[in-house]
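Below are the chains, spelled out letter by letter.
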Amino acid sequence: MTAIVAALNVFPIKSAGGVALAEAELTPDGLRHDREFMLVRPDGRHLSQRELPGLALLRPGFDGVKLTVSGPMADAPLVFEVMDGPALDVTVHRRPCQGVDQGDDAARWFSAALGAPCRLVRFTGTRPTQLGGGTLTYADGYPVSVLSEESLDDLNRRAGDALPMSRFRPNIVLRGLGPYGEDAATRLRCGAAEIELVRPTGRCAIVNIDQETAERAPGPLRALGRYRTARFGGVREIMFGRLGVPRAMGVLQVGDELAVS
């Protein structure tokens, strides 16, 4: 079976807006620069759109040296070269990890833009996946998320809606598997790159946040809950898409053909 890479996305700042790419490097931690930064409360706990939906309106760009962030709530973009420094203890969903604080200027910019005290940290150290023996940066539990265009088309047909793919924030968008064809897939291969798909993606209330306006509405998660609820590991979740762990590194491009097994 084969599928086409329809889109590639990275999210340099966890829970902020995404960056669409024509080409992405697959690393052990996922697509390069994905979830490399994170905003934290003063006590080190991560912040997300659950508490601050305005994060969806931030538009970051990162070239490995310089971070640029803009947003409608800020008078001017934030532009700075990333900093090195001591590792600080932070958490993602109560799981410990580490980050390097990116300074007072960045903290002031984000705190003013979001209306809440926060600081920006850059990932450092190592962090294991929940299952599958991989590593990741600040993603919730797995380094790669995958969703097919046909699955979204089917959701929109059932819900009578026109939700964009951005609601679901996938790293890799597939075309050609048919609705929910990714559910049965276990491996994606393209050239040297290989990803093992290890579990379904459990969905949370973030899918109810419009990524262009930051407005909330309960329809998307409610629509999924009517027909995509299942148990995984003894926990009942709303499943939509798949999560994966890189097994071999390489480069992916939009338009690439993937071998799917």
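Counting of residues starts from 1 at the beginning of each chain's written sequence and follows it residue by residue. Where totals are concerned, whole chains, interfaces and linings use all residues; where local detail is concerned, this predicted model gives features only for residues with pLDDT of at least 70, and gives and counts side-chain atom pairs only at 80 or more. To obtain the side-chain values, all non-hydrogen atoms of the structure were included, while hydrogens and water were left out.

A. Structural context of the UniProt feature "domain: MOSC" (unreviewed entry) in the protein. UniProt positions are given in the numbering used here, feature names are shortened, and annotations may be inferred rather than shown by experiment. Cross-referencing UniProt, the feature "domain: MOSC" (unreviewed entry) maps to residues 118-261 in the present numbering. Structurally, residues 118-261 is divided into 12% helix and 38% strand, and its ends, taken at the C-alpha atoms, are 43 Å apart. For helices the rule is a DSSP run of H or I covering at least 4 residues; for strands it is a run of E covering at least 2, with both sets numbered from the N terminus onward.

B. Region of interest: the pattern of salt bridges. Definition used for salt bridges: Asp or Glu carboxyl oxygen within 4 Å of a side-chain nitrogen of Lys or Arg. Taken as a whole and judged by the stated rule, the model has 20 salt bridges. Residues Arg119 and Asp101 are paired through a salt bridge, measuring 2.6 Å at the closest nitrogen-oxygen approach. In this pair, Arg119 sits in strand 11 (residues 119-124) while Asp101 sits in strand 10 (residues 95-101), placing the two residues 18 residues apart along the sequence. Judged by its relative accessible area of 27%, Arg119 is partly exposed. With a closest N to O distance of 2.5 Å, Glu194 and Arg187 form a salt bridge. Each residue's exposure class comes from its accessible area (1.4 Å probe, protein chains only) as a fraction of the maximum for that residue type: buried when under 20%, exposed when over 50%, partly exposed otherwise. Judged by its relative accessible area of 23%, Arg187 falls in the partly exposed class. Each of Arg187, Arg189, Glu194, Glu196 and Arg247 takes part in one network of salt bridges that share partners.

C. Up close: the sheet that holds strand 18 (residues 250-253). Overall, antiparallel pairing links the three strands, which are arranged 4-3-18 in an open sheet. What marks the edges here is a single partner per strand, and that holds for strand 4 (30-31) and strand 18. Only strands joined by at least two bridges in the DSSP assignment are considered to pair. Alignment of strand 3 (residues 23-27) against strand 18, held across four bridges, turns out to be antiparallel. The partner of Ala24 across the bridge, within strand 18, is Leu252.

D. Geometry of the side chain of Gln102. With respect to the helices, strands and loops of the structure, Gln102 is situated in the loop between strand 10 and helix 1 (104-114). Within polar-contact distance, the side chain of Gln102 engages the backbone nitrogen of Met83 at 2.8 Å. In protein, a polar contact means a hydrogen-donor-capable atom and an acceptor-capable atom, both N or O and within 3.5 Å, with residues adjacent in sequence counting only if both atoms are side-chain atoms; elsewhere, any N or O pair within 3.5 Å suffices.

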